[in-house]
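# Reading the structure
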Amino acid sequence: MNRLNIFAAMLCMAIILGLTGPAAAADAPAPGTVIDKNNIDQYKDYFPDFWLDAFHTGFNGFLRPLSITIKETTPNPMPAPFLAASELNKGKYGIDAEGYITGGSETEIVGYPFPQLEKNDPQFAQKLMWNYDYKYTLDDMRGHFINFELRKGGKISTSEVENWLISFQNRMYDDPKPLYETPQGYRNANLIRNLAPAVQRNFLTLLIRYIDQKAADTTYLYLPSMRRVLRGEAGERSTPIMSSTQAPDDFFGFSGRIPEFTYTLLADQKAIGMADHKMNFESTSAINLVDTLPIQTDGWEARDVYVVEVMAKNDKYPQGRKVLWIDKETMTCLYAAAWDRAGKLWKVWQIANSKETNNSGQGTSPYATNLGFDLQLGYAVQMIGSWKLNGNGITDADISIAALRKLGR
């Protein structure tokens with residue numbers, strides 16, 4: 001073959017590869033496709049490596065081997081007022097050497113601080129995570145959750161919690177908006193009240209984050225046996241809460257303080273995740289499961305995601321690294337995984353996102369529930385809830401120390 005023919009053959013091959021994409025990547029499954037252990041190898045590139053065992057063994061029996069049905073990918077955008085506010089931030093803010101936002105008062109941040117973010121930005125990953133941190137989730141929420149808990153070789157037990165969440169910043173619907181000013185400078189708060197079993201009843205946890213980026217989060221615990229409120233240590237953010245595989249920094253996949261970590265973009269790809277979750281407290285509280293956890297098998301979509309590696313700056317932080325699969329449109333995690341300091345896989349989470357309508361009748365970003373596995377401890381929890389998004393009238397008084405004492409009586 002002469003040089004001209006060799007060149008022509010190479011050109012044809014390049015064109016073919018350009019049209020078909022990488023040979024190892026299968027086409028995204030069409031709506032209605034069932035994925036199970038028989039064909040998961042065909043679609044493995046759409047899932048984190050650690051999640052593939054869910055289809056084969058159900059993580060050695062924690063689940064029935066997974067069989068899911070793919071639905072059509074449908075939009076789930078942020079609220080229009082949030083996106084409009086985000087556009088006003090274009091070019092306004094920057095990030096300093098320590099990872100903090102610069103360019104204006106922190107109380108004025110409404111929407112994404114870094115809209116229209118481009119991957120060629122040298123601070124792309126850091127800015128992406130600030131957008132993740134400032135995404136719209138809710139003005140307030142009150143929920144009732146059931147936790148299905150299973151230890152390796154055991155039987156399922158359940159626990160119940162009430163949950164109050166309030167955003168003081170980035171409020172879109174409930175007055176005062178967009179900022180509910182408090183003397184303490186609260187940004188958001190999460191109050192968790194254990195209801196059952198009886199031995200856990202009225203154990204309360206209050207988590208507070210401040211608008212001041214340099215202010216450490218505050219944790220308060222109410223211990224019913226002592227009838228006292230105690231202030232938690234800073235390290236409580238990495239300590240799992242009762243009846244959960246999650247520490248506060250693990251909520252929704254990742255809830256750590258952004259400047260305390262470094263970030264690396266690992267991939268920009270499609271992933272299949274739970275995007276239209278329908279199970280709730282009422283539909284699952286009567287389930288009589290014995291030895292496997294409940295999981296919804298429809299409502300899975302192919303979504304565009306960023307895969308981001310998270311590393312703590314503090315070398316005493318118990319997680320050596322974490323990886324997040326972040327949905328580009330909703331800025332919520334579909335999956336998260338954590339490794340210990342020795343580099344061994346420790347915990348994994350599948351986060352089920354839902355498509356909600358808030359109390360104002362507007363579509364809103366999804367609320368996340370978590371299926372978590374502590375692989376080293378042999379412990380798994382599926383958390384499923386029912387909630388009312390917005391319009392709950394939660395105030396700063398409802399997340400105070402006095403409120404903890406009142407609820408704990």
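None of these values were measured; they are calculated from a predicted model.

Moving on, we get to unusual backbone geometry. Geometrically, the link from Lys177 to Pro178 is a cis peptide bond, its omega value of 0° lying close to zero. In this fold, Pro178 is placed in the loop between strand 6 (157-167) and strand 7 (186-196). Residue Pro197 follows Ala196 across a cis peptide bond; omega there is 5°. Mapped onto the fold, Pro197 is located in the loop between strand 7 and strand 8 (204-210). You will see that Asn60, though not glycine, has its phi angle at about 55°, which is positive. Counting through the fold element by element, Asn60 comes out in helix 3 (residues 58-61). By relative accessible area, Asn60 is classed as exposed at 54%. The phi torsion at Met331 lies on the positive side, around 55°, for a residue other than glycine. Relative to the helices and strands, Met331 is located in the loop between strand 13 (319-327) and strand 14 (333-340).

Our focus in this paragraph is the side chain of Arg257. Relative to the assigned elements, Arg257 resides in the loop between strand 10 (228-231) and strand 11 (261-274). Within the structure, the side chain of Arg257 is placed 3.4 Å from the backbone oxygen of Ala215, a separation counted as a polar contact. Apart from residues no more than four positions distant in its own chain, Arg257 is found in contact with Arg209, Gln213, Lys214, Ala215, Ala216, Asp217 and Tyr263.

This part takes up a positive patch on the surface. Residues Arg227, Arg405, Lys406 and Arg409 make up a contiguous surface patch of positive charge. Summarising the element assignment, Arg409 is placed in the segment after helix 7 (401-408). Arg409 sits in the exposed class, given a relative accessible area of 68%.

Moving on, we get to the pattern of salt bridges. This model, assessed by the stated rule, comprises 21 salt bridges. As a salt-bridge pair, Asp121 and Lys127 come within 2.8 Å of each other at their nearest N and O atoms. Overall, the relative accessible area of 11% leaves Lys127 in the buried class. The partner of Glu329 in a salt bridge is Arg303, with the nearest N and O atoms 2.7 Å apart. In this pair, Glu329 is assigned in the loop between strand 13 and strand 14 and Arg303 in strand 12 (residues 300-312), connecting sequence segments 26 residues apart. Look at Glu329 and you get partly exposed, because its relative accessible area is 29%.

As a further point, take the packing of aromatic side chains. Overall, the coordinates contain 22 aromatic pairs when judged by the stated rule. Ring geometry for Phe254 versus Phe261: centroids 5.2 Å apart, planes at 85°, classification edge-to-face. Under the relative-accessibility criterion, Phe254 is labelled buried at 3%. Note on Phe261: relative accessible area 3%, which makes it buried. Three or more aromatic residues link up through ring pairs in this structure, and these residues are Phe50, Trp51, Phe59, Phe62, Trp325, Tyr335 and Phe373. Its end group placed over the ring of Tyr379, Arg151 keeps NZ or CZ at 4.2 Å from the ring centre.

Per-residue pLDDT for the chain averages 89, and the proportion of residues at 70 or more is 89%. Counting contacts from residues 1-24, a segment whose pLDDT is below 50, to residues more than four positions away or on other chains yields 2 contacts.

Rules and cut-offs
Residues numbered from 1 in each chain as written. Predicted model: local features only at pLDDT ≥ 70, side-chain atom pairs only at ≥ 80, totals over all residues. Heavy atoms only, no water. Helix = DSSP H or I, 4+ residues; strand = E, 2+ residues; numbered from the N terminus. Buried < 20%, exposed > 50% of the residue type's maximum accessible area, 1.4 Å probe, protein only. Polar contact = N/O pair within 3.5 Å; in protein donor to acceptor, adjacent residues only side chain to side chain. Contact = heavy atoms within 4.5 Å. Patch = residues over 30% accessible without salt bridge, like charges linked within 9 Å, V, L, I, M, F, W, Y side chains within 5 Å. Areas by Shrake-Rupley, 256 points an atom, 1.4 Å probe, with all protein chains shown as cover. Salt bridge = Lys/Arg side-chain N within 4 Å of Asp/Glu carboxyl O. Lys, Arg positive; Asp, Glu negative; His and termini not counted. Charge placed at Lys NZ, Arg CZ, Asp CG, Glu CD. Phe/Tyr/Trp six-rings, centres within 6.5 Å; stacked < 30°, edge-to-face > 60°. Lys NZ or Arg CZ within 6 Å of the ring centre and 35° of its normal. pLDDT = per-residue confidence, 0-100.

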